[in-house]
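# Close look at the chain arrangement
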Amino acid sequence: KAGVTQTPRYLIKTRGQQVTLSCSPISGHRSVSWYQQTPGQGLQFLFEYFSETQRNKGNFPGRFSGRQFSNSRSEMNVSTLELGDSALYLCASSPEVAGTKFFGPGTRLTVL
Amino acid sequence: SQQGEEDPQALSIQEGENATMNCSYKTSINNLQWYRQNSGRGLVHLILIRSNEREKHSGRLRVTLDTSKKSSSLLITASRAADTASYFCATVAYGNNRLAFGKGNQVVVIP
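Residues numbered from 1 in each chain as written. Chains lettered and ligands numbered in written order. Predicted model: local features only at pLDDT ≥ 70, side-chain atom pairs only at ≥ 80, totals over all residues. Heavy atoms only, no water.

## A closer look at the overall build of chain A
Scanning chain A for helices and strands turns up zero helices and 11 strands. For chain A, the N- to C-terminal ordering of α and β elements is β-β-β-β-β-β-β-β-β-β-β. In terms of overall dimensions, chain A has a C-alpha envelope of 35 × 25 × 25 Å along the principal axes. Evaluated residue by residue, chain A yields a buried proportion of 50% over its 112 residues. (Helix = DSSP H or I, 4+ residues; strand = E, 2+ residues; numbered from the N terminus. Buried < 20%, exposed > 50% of the residue type's maximum accessible area, 1.4 Å probe, protein only.)

See below:
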């Protein structure tokens, strides 16, 4: 099976812009979650989707949003970008609740 | 919220030696997982141990879990240069699918 894929791998944006990141889970996995990794805050949970429904959301402002499609692919959107949004954004899929998570390679977002 | 906390933060060892990392957490968990990350890339799942398990092995990895002390340890035996990476523990609570990560251990294995 192909692993979790994320596009794009690298992205450079300027403050105030918005960005959409995409994640394709492993075939058959219905749970997709997103994490932000920064040197200062470490790995933080953003949100989780299961069967197109958001099941959990982390402590991030409303500028961070996401969705999941019927084929389990997921997108996350960040509006009105701030310098502090520069991070590695990781997507993970899992076949079941509370099970092993399989991570994608991440999207490195740089906000200038 | 639960937060794994690894100790020590950085470890430098010679190839062939064993590496041990510890992780503590604050609340009840469903399971605890260990992940490896190479140079800012994606996380690779290493091992999952459930709250009713005390020890688990996978190849050169040995994980222990002590729920009374709310702590876990990861042992890598006979380390190799390819084991150089950051290692994270993460907890999962009951009824919750989110991973709560610790700050990570940087392990450098010197050939």
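## Some words on the interface of chain B and chain A
Every contact between the two is made by 18 residues of chain B and, on the other side, 22 residues of chain A. Summing both sides of the interface, chain B and chain A together bury roughly 1600 Å²; the carbon and sulfur share of this comes to 50%. Three residues, B:Leu43, B:Asn97 and B:Arg98, lead the burial of chain B against chain A; their summed loss comes to 40% of the area buried on that side. Linking chain B to chain A there are eight residue pairs in polar contact (both at pLDDT 80 or more). Those elements giving two or more residues to the side of chain B that touches chain A turn out to be β4 (31-37), β5 (43-50) and β9 (85-92) of chain B. Here the side of chain B that touches chain A is composed, by residue class, of seven nonpolar, nine polar and two charged. (Contact = heavy atoms within 4.5 Å. Buried area = accessible area lost by both parts, 1.4 Å probe. Polar contact = N/O pair within 3.5 Å; in protein donor to acceptor, adjacent residues only side chain to side chain. Nonpolar A, V, L, I, M, F, W, Y, C, P; charged D, E, K, R; others polar.)

## Comments concerning the pairing of strand β9 (residues 87-94) of chain A
Residue and element names in this part refer to chain A. For β9, a buried count of eight out of eight residues is recorded, marking the element as mostly surrounded by other parts of the structure. Bridge count for strand β4 (residues 31-38) against β9 is seven bridges, and the pairing is antiparallel. What sits directly across from Trp34, in β9, is Cys91. Alignment of β9 against strand β11 (residues 107-111), held across three bridges, turns out to be antiparallel. Opposite Leu88, over in β11, you have Arg108 as the bridge partner. In the sheet, β9 pairs with strand β10 (residues 102-103) via two bridges, with the strands oriented antiparallel. When the sheet's bridge partners are listed, Ala92 is paired in β10 with Phe103. (Pairing = 2+ DSSP bridges.)

## Some details on the packing of aromatic side chains
In this structure the tally under the stated criterion is nine aromatic pairs over all chains. On the basis of an interplanar angle of 85 degrees and a centroid distance of 5.4 Å, the ring pair of A:Phe103 and B:Tyr35 is categorised as edge-to-face. Linking A:Phe103 in strand β10 with B:Tyr35 in strand β4, this pair reaches from one chain into another. Judged by its relative accessible area of 0%, B:Tyr35 is buried. Among the aromatic residues, those joined into a ring-pair cluster are A:Tyr35, A:Phe45, A:Phe103, B:Tyr35, B:Phe88 and B:Phe101. (Phe/Tyr/Trp six-rings, centres within 6.5 Å; stacked < 30°, edge-to-face > 60°.)

## Here's the deal with the sheet that holds strand β7 (residues 64-68) of chain A
All names here are of chain A. Spatially, β1-β3-β8-β7 is the arrangement adopted by the four strands of the open sheet, whose pairing is antiparallel. The open sheet has two edge strands with one neighbour each: β1 (5-7) and β7. Each neighbouring strand pair of the sheet contributes to a mean axis angle of 15 degrees, computed without reference to strand direction. Sheet analysis places strand β3 (residues 19-24) next to strand β8 (residues 74-78), joined by five bridges and oriented antiparallel. What sits directly across from Thr20, in β8, is Asn77. (Axes fitted to C-alpha atoms, helices over the stretch in contact; angles between N-to-C directions.)

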